[in-house]
Amino acid sequence: MKPAFFFIVSLLLLPLLASCSEQKVYLVYFGEHVTSTASMALQQFSLRMKLPSYLLKTGRSCISVAEPPKEVHHSHNKVMGVVGMEEGEEGNYRKNNQMGGDFLSKAGSGKNNIVGVLDSGVWPESKSFSDVGMGPIPKSWKGICLTGVGFNSFHCNRKLIGARYYLKGFEQYYGPLNVSEDSRSPRDMDGHGTHTSSTVAGRVVPNASALGGFARGYASGGAPLAHIAVYKVCWAIPGQSKAEGNTCFEEDMFAAMDDAIAGAPWIFTVGASSLDRTFLSPVVLGNGLSIEGETVTPSKLEENKKYPLVYAGDVVNPGVAQNLTGQCLAGSLSPEKVKGKIVFCLRGAGMRVSKGLEVKRAGGVGFILGSWNTSTLPKIQRHTKPAPYMTAFTSRGPSVIDPNILKPDITAPGLKILAAWTEAEAPIKLAMDHRVAQYTIESGTSMSCPHIAAAAALLKAIHPTWSSAAIKSALMTTAGMKNNLDKPLNDESGNSATPFAYGAGHFRPTKAADPGLVERVGEESGVDGGLEPRRGPRIQEIRELDEDDFISDDEEEIDDLSFDFESDSEGVQDGYGEEEFEA
């Protein structure tokens, strides 16, 4: 079977693209080939614009000119036991996985496929990246294992087959990397990249759990026998807490994409929905009223003891702005009024974890945030209903670039996902927290994206002749728009959700393996058959430009060079590739 390569960018692509015109980031696509004349012109152009050298790749090339370099602040909302999982353990997992065991068996758990991940790197020592029982590295693999600080060639193996890092764009903007904040290597000092990589293709690891024993059981990526290639493009923001997110520059991301697939990435926009698992922890008031809540804290208050409950806005220090009194912001609470009490804090300004730290600083014994609380030890409830539902944080459509472009395409689990973590950073990413976790629970569209990438890898294993478009079509046309109560999907408040939240619906990969008809996008279709927003000249027009069109005198101002990719007409083919029809 010919190995396939899948590629995910664990970022929100929408704000990245939407900001191009605002930040004057110019992207030029030169199609399949670049002539020597154009290549020379590009190099002269880059010298004038002081572009990072690695963006000057021929073939399917893309250059980014930023004033200053464009960055994407990646704000996170934020799959161990025994070393060396044999392939047989993946088999046991498939047998016990009632919902998808047969599907995983047909796909060989993603065997022979490669998934590329752009994120904050990887923690290679995690058992999720063990290669015991893995097959050989595909012969088609041409990537490398780039060494760096704390990362050597032996950290790559038959599971983690490639690792690179990119920071020229970052350093052009911020200056030299502060090695006390991040590592000049593919090593993940943040945790986010390790989490997403293990979600898409981590090995099956028994007895895994987050701190406190939450979600204990098997941890597995969606395609546990697929190979992983990591591209570190996201870095700690100098002088800023990692809890506030990291930053990923377009220049670095495009360079990574070019190394990974030598062309334009396959884009699948993914929303975030829930699982049918909750971590229940009710708040019981003095009058006996029980208010249901959720939490994943291992802390537990003294049993059968009652604590005073206060609203944060009533226990603040003098001088706190009226509109911020209930937010539990740093330094806002009065220790004299908070000590020994449970504090109710409002969502809104500030990080949620910081609100808990402020309550702790002021002497409180616990806090309640919206429907979240840390006052009692929770219980895990499975097969909850209704599920799935759309999360509050999922990015909703339509596109801000063009309302004719719908998003998301689909939705997948992104709420309270257990996966591997770096041992260089505590799960809450605050300097005062020195706890080490091998696995942790995170939430975000960054968690739902790898679910789709894993499903794509499995489908490619079952249908090796399918194109990316066919796989995307199969996933979208078989997605479900009803929950486990057989009612339409709803949002976090119980109201009916819309396609602007869930796209085609919640993914159902087991059905996508046999979708019936799949939509086909063919390169031969040209530019006249599909949606083609006009933002610049056609590709053919770009090919006809000579080198004078790429060189600007110092006194001349460079015009907007944002060019669109060719649009392809659409068709359909049957699920087995035997017959094709034009749509």
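Criteria and cut-off values
- Residues numbered from 1 in each chain as written.
- Predicted model: local features only at pLDDT ≥ 70, side-chain atom pairs only at ≥ 80, totals over all residues.
- Heavy atoms only, no water.
- Helix = DSSP H or I, 4+ residues; strand = E, 2+ residues; numbered from the N terminus.
- Buried < 20%, exposed > 50% of the residue type's maximum accessible area, 1.4 Å probe, protein only.
- Areas by Shrake-Rupley, 256 points an atom, 1.4 Å probe, with all protein chains shown as cover.
- pLDDT = per-residue confidence, 0-100.
- Contact = heavy atoms within 4.5 Å.
- Axes fitted to C-alpha atoms, helices over the stretch in contact; angles between N-to-C directions.
- Parallel < 35°, antiparallel > 145°, perpendicular 65-115°, else oblique.
- Left-handed = near helix turned anticlockwise from the far one by under 90°.
- Nonpolar A, V, L, I, M, F, W, Y, C, P; charged D, E, K, R; others polar.
- Polar contact = N/O pair within 3.5 Å; in protein donor to acceptor, adjacent residues only side chain to side chain.
- Salt bridge = Lys/Arg side-chain N within 4 Å of Asp/Glu carboxyl O.
- Expected span 1.5 Å × (residues − 1).
- Core = buried A, V, L, I, M, F, W, Y, C linked by side-chain atoms within 4.5 Å.
- Disulfide = S-S within 2.5 Å.

Peer 1: Give me the lowdown on the overall build of the protein, citing residues and values where you can.
Peer 2: Along the protein, the regular secondary structure elements total 15 helices and 26 strands. Counting over 583 residues, the protein shows a buried share of 52%. Total accessible area on the protein is roughly 26,600 Å²; 52% of this is exposed by carbon and sulfur atoms.

Peer 1: Quick one: what's the story with the confidence of the model for the protein, residue by residue and with numbers?
Peer 2: Overall, the prediction assigns the protein a mean pLDDT of 76, with 69% of residues at 70 or greater. Of the regions scoring below 50 in pLDDT, residues 52–70 engages in 75 contacts with residues more than four places distant in sequence or in other chains. Across residues 73–88, where pLDDT falls below 50, the model places 74 contacts with residues more than four positions away in sequence or in other chains.

Peer 1: Describe the packing of helix α7 (residues 192–201) against helix α11 (residues 445–462), and please don't skip the residues or the numbers.
Peer 2: Packed helices, taken two at a time, are described by their axes: the angle between them and the distance between them. It is at 8 Å that the axes of α7 and α11 come closest, and there the two elements cross at 30 degrees. Classified by the interaxial angle, the pair formed by α7 and α11 is roughly parallel. For the pair α7 and α11, the sense of crossing is right-handed. Contacts between α7 and α11 involve His192, His195, Thr196, Thr199 and Val200 from the first element and Ser446, Met447, Pro450, His451, Ala453 and Ala454 from the second. Its residues placed into classes, the contact of α7 with α11 shows five nonpolar, six polar and no charged.

Peer 1: Explain the side chain of His227 residue by residue, including any values.
Peer 2: The topology assignment puts His227 in strand β9 (residues 227–232). A relative accessible area of 1% means that His227 is categorised as buried. One polar contact links the side chain of His227 to the main-chain carbonyl oxygen of Arg158, over a distance of 2.6 Å. Filtering out sequence-adjacent residues up to four positions away, His227 remains in contact with Asn112, Asn113, Ile114, Val115, Met134, Gly135, Pro136, Ile137, Pro138, Arg158, Lys159 and Ile161.

Peer 1: Explain the pattern of salt bridges residue by residue, including any values.
Peer 2: Following the criterion strictly, the structure yields 13 salt bridges and no others. We note a salt bridge from Asp259 to Arg164, for which the minimum N-O separation is 3.2 Å. On the criterion of sequence distance, the pair formed by Asp259 in helix α8 (residues 250–261) and Arg164 in strand β6 (residues 160–165) is long-range, its members being 95 residues apart. Glu171 is paired through a salt bridge with Arg184; the nearest N and O atoms lie 2.4 Å apart. Within this pair, whereas Glu171 is found in helix α6 (residues 168–174), its partner Arg184 is found in the loop between α6 and α7, the two being separated by 13 residues in sequence. Judged by relative accessible area, Glu171 falls into the partly exposed class, the value being 22%. You can call Arg184 partly exposed: its relative accessible area is 28%.

Peer 1: Now, about α8: what can you tell me, with residues and values included?
Peer 2: The end-to-end C-alpha distance of α8, which contains twelve residues, comes to 16 Å, matching closely the 16 Å that a straight helix rising 1.5 Å per residue would cover. Most of α8 is tucked away, with ten of its twelve residues classed as buried. Among the residues of α8, Glu250, Glu251, Asp252, Met253, Phe254, Ala255, Ala256, Met257, Asp258 and Ala260 are the ones counted as buried. Looking at the residues trailing α8, positive phi occurs at Ala262, about 55 degrees.

Peer 1: Residue-level account of the nonpolar core, with values.
Peer 2: Judged by nonpolar contacts, the single largest core of 41 residues is most densely connected at Val200, Ile410, Ile452, Leu459 and Leu475. Elements that contribute at least two residues to this core include exactly α5 (101–107), β5 (114–119), β6, α7, β9, β21 (410–413), α11 and α12 (468–477). With nine residues, the single largest contributor to this core is α11. By size, the runner-up hydrophobic cluster in this structure holds 16 residues, among which are Tyr231, Val233, Phe254 and Ala255.

Peer 1: If you had to explain the side chain of Thr394 to someone new, which residues and values would you point to?
Peer 2: The topology assignment puts Thr394 in the loop between β20 (379–382) and β21. Engagement of the side chain of Thr394 in a polar contact is seen with the backbone nitrogen of Ala272, the distance being 2.8 Å. Beyond its immediate chain neighbours, meaning those up to four positions away, Thr394 contacts Gly271, Ala272, Thr445 and Ala501.

Peer 1: Any details on the state of the cysteines? Residues and values, ideally.
Peer 2: The final tally for this structure, using the stated rule, is three disulfides. Paired by a disulfide, Cys234 and Cys248 hold their sulfur atoms 2.2 Å apart. Here Cys234 and Cys248 share a disulfide; its torsion about the S-S bond, 105 degrees, makes the bridge right-handed. Placement of Cys234 in strand β10 (residues 234–236) and of Cys248 in strand β11 (residues 246–249) is noted, with a sequence separation of 14 residues between them. Residue class for Cys248 comes out buried when judged on its relative accessible area of 0%. Residue pairing for Cys328: its cysteine sulfur links by disulfide to Cys345, the two sulfurs lying 2.0 Å apart. Disulfide Cys328-Cys345: torsion about the S-S bond near -80 degrees, hence left-handed. Taken together, the residues Cys328 in the loop between β16 (309–311) and α9 (335–338) and Cys345 in strand β17 (residues 342–345) connect sequence positions 17 residues apart. Accessibility classification places Cys328 together with Cys345 in one group, the buried group. In the protein, the cysteines engaged in disulfides, taken in order along the sequence, are linked 1-2, 3-4, 5-6.

Peer 1: Give me unusual backbone geometry: which residues, what numbers.
Peer 2: In this structure, the amide linkage connecting Ala387 to the following residue, Pro388, adopts the cis form with an omega of -5 degrees. The residue Pro388 is located in the loop between β20 and β21 in this model. At Ser109, a position not held by glycine, the phi torsion is positive, near 55 degrees. Relative to the helices and strands, Ser109 is located in the loop between α5 and β5. Although it is not a glycine, Asn112 sits at a positive phi angle of roughly 80 degrees. Position of Asn112 among the secondary structure elements: in the loop between α5 and β5.

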